[in-house]
Amino acid sequence: MLCVGLAGCRTTNAGTGAPATHCVPELYGAGLFTTGAWDFFLAFTPDQRRVVFGRADDGFEHYTLYETRLGTDGSWSPPVKPRFASGWSDADPHFTPDGRAVFFISNRPNPGEEGTAARATFDVWTASLQADGEWSEARRVPEPVSDATRDEWSPSVAANGDLYFGADRPGGHGGSDLWVSRLVGGVHQPPENLGDAINTKGPEVEPWIAPDGRFLLFSALNRADSRGSYDLYVSRRGPGGWEPAQHLCEGINSPARDFNQSVSPDGQWLYFSSNRPFTGPVGTRFDTPRNDASLEGIGRGTGDIYRLPMSVLGL
């Protein structure tokens, strides 16, 4: 039985190997990753000692990236903007599986446009981790991935370098679809639509691809099976390609926004952001030194970080 001995599981489809039908995620990172601000997207390095994460304004319209590092004493450092972050709006961080680079989106001016106002659309950018452990400056991922006239969302990279992202592009099913740009000879190719097993006439956003490409997590808005607003889905790659996407269990999905998902590098935990109501105990505190003011507003309408064991989902 899938749920025996596992946190986060309430019921299961016993003996079928199927995921739980109801899940109980826990609030995560109180005082650091979860605060009274709108917190979203956790990106861990492979050793899980550095995290880049997002924080938005209350309207979820302007985004800032922060980094924190785990010290030898077991405490996380105060979050600071990494070198590649800017005064522009930056979001959706994803590390490459080897941890040598981070991909994200930004509305900063493109090369040659320095000093101009923020752009009206978001492009894909990347920064590399240097030999000294510090970040390089950011560079824009060029066409055909970034389209200066359109938004790209949530760039997620498989171990083979293929880049998955969300965008509203010609040839899609309607609204934002999910796409892949394959890496061939070190060059990203024209994006391919992931097809109708994943995409619909409604918005699909924020892909997270497993390093080996065997499954894809994403969020979608107001599908027929939605619990409300954005919900989380999974599609597995079968012998014939992507299998029809499945709605993740109730408990992860709620009437609130449930999105901004990622998986820990060891494959053990699903993290996601939700603006659902929350009134219970906040659990382990991650703020050093303690700052009770950082907890004010948790569960009151802005995004908080939750997590659940991946084993509960059959993944």
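Residues numbered from 1 in each chain as written. Predicted model: local features only at pLDDT ≥ 70, side-chain atom pairs only at ≥ 80, totals over all residues. Heavy atoms only, no water.

*Asks:* Which residues make up the sheet that holds strand S3 (residues 26–27), and what values go with them?
*Replies:* Ordered by their spatial adjacency, 4 strands build an open sheet running S3-S24-S23-S22, and the pairing between neighbours is antiparallel. One side of each edge strand has no neighbouring strand; the edge strands of this open sheet are S3 and strand S22 (258–263). Across 6 bridges, strand S23 (residues 269–274) lies against strand S24 (residues 304–309) in antiparallel orientation. Of the residues in S24, the one forming a bridge with Ser274 is Asp304. (Pairing = 2+ DSSP bridges. Helix = DSSP H or I, 4+ residues; strand = E, 2+ residues; numbered from the N terminus.)

*Asks:* Explain the layout of surface pockets residue by residue, including any values.
*Replies:* By volume, the largest pocket amounts to about 420 Å³. Lining the largest pocket are 28 residues, and of these Trp208, Pro211, Val263, Ser264 and Pro265 lie nearest its centre. Only strand S4 (38–44), strand S7 (90–95), strand S11 (152–157), strand S17 (204–209) and S22 provide two or more residues apiece to the lining of the largest pocket. For the lining of the largest pocket, the element with the most residues is S4, which contributes 4 residues. Of the residues belonging to the lining of the largest pocket, the class tally is 18 nonpolar, 7 polar and 3 charged. (1 Å grid on protein atoms, 1.4 Å probe; cavity = no way out; pocket = protein on both sides within 12 Å on 5 of 7 lines; lining within 4 Å. Points joined across faces, edges and corners; volume = space filled by probe spheres on them. Nonpolar A, V, L, I, M, F, W, Y, C, P; charged D, E, K, R; others polar.)

*Asks:* How would you sum up the side chain of Arg223? Please name residues and give values.
*Replies:* You can see Arg223 is positioned in the loop between strand S18 (215–221) and strand S19 (230–238). The contacts of Arg223, once residues within four sequence positions are left out, are Ile198, Asn199, Thr200, Glu204, Phe218, Tyr233 and Ala245. (Contact = heavy atoms within 4.5 Å.)

*Asks:* Residue-level account of the pattern of salt bridges, with values.
*Replies:* Taken as a whole, this structure holds 21 salt bridges when the rule is applied. In this structure, Asp39 and Arg55 form a salt bridge, with 2.6 Å as the shortest nitrogen-oxygen distance. Taken together, the residues span a long stretch of sequence, with Asp39 in strand S4 and Arg55 in strand S5 (residues 50–56) at a distance of 16 residues. Put simply, Arg214 and Asp212 hold a salt bridge, and the shortest N to O gap is 3.3 Å. Note on Asp212: relative accessible area 53%, which makes it exposed. Three or more residues joined by partner-sharing salt bridges are found here, namely Arg50, Glu67, Arg69 and Glu134. (Salt bridge = Lys/Arg side-chain N within 4 Å of Asp/Glu carboxyl O. Buried < 20%, exposed > 50% of the residue type's maximum accessible area, 1.4 Å probe, protein only.)

*Asks:* Before we move on, can you summarise the sheet that holds strand S12 (residues 163–167) with the specific residues and values?
*Replies:* If you walk across this open sheet you meet the 4 strands as S11-S12-S13-S16, and the pairing is antiparallel. At either margin of the open sheet sits one strand with a lone partner, and together these are S11 and strand S16 (192–193). In this structure, strand S13 (residues 177–181) lies alongside S16, joined through 2 bridges in antiparallel fashion. From the neighbouring strand, Trp179 faces S16, where its bridge partner is Asn193.

*Asks:* Let's hear about the environment of Val24: which residues, and what values?
*Replies:* Summarising the element assignment, Val24 is placed in the loop between strand S2 (22–23) and S3. Sequence separation between Val24 and Leu315 is 291 residues, and the spatial gap between their C-alpha atoms is 16 Å.

*Asks:* Which residues make up the state of the cysteines, and what values do they have?
*Replies:* In total, this model carries 1 disulfide according to the counting rule given. One disulfide bridge connects Cys23 with Cys249, the sulfur atoms lying 1.7 Å from each other. Handedness of the Cys23-Cys249 disulfide follows from its S-S torsion of about -110°: it is left-handed. Here Cys23 is found in strand S2, whereas its partner Cys249 is found in the loop between strand S21 (246–247) and S22, with 226 residues between them in sequence. (Disulfide = S-S within 2.5 Å.)

*Asks:* Can you explain the packing of aromatic side chains? Please cite residues and give values.
*Replies:* By the definition in use, this model includes 24 aromatic pairs. Look at Phe218 and Tyr233: their rings are 5.7 Å apart centre to centre, the planes differ by 15°, and that puts the pair in the stacked class. In this pair, Phe218 is assigned in strand S18 and Tyr233 in strand S19, connecting sequence segments 15 residues apart. Look at Tyr233 and you get buried, because its relative accessible area is 1%. (Phe/Tyr/Trp six-rings, centres within 6.5 Å; stacked < 30°, edge-to-face > 60°.)

*Asks:* Got a sec to walk through unusual backbone geometry? Specific residues and values, please.
*Replies:* For the bond running from Glu143 to Pro144, omega is 10°, close enough to zero to count as cis. Pro289 follows Thr288 through a cis peptide bond whose omega is -5°. With respect to the helices and strands, Pro289 occurs in the loop between S23 and S24. Within the chain, Asp92 stands out as a residue other than glycine whose phi angle is a positive 60°.

*Asks:* Residue-level account of the pairing of S11, with values.
*Replies:* Taking burial as the measure, the 6 residues of S11 include 5 buried ones, the bulk of the element. Across 4 bridges, S11 lies against S12 in antiparallel orientation. Bridging from a neighbouring strand, Trp153 pairs with Gly166 of S12. Between S11 and S12, which pair antiparallel one after the other, the connecting turn spans 5 residues, and Gly161 there sits at a positive phi close to 90°.

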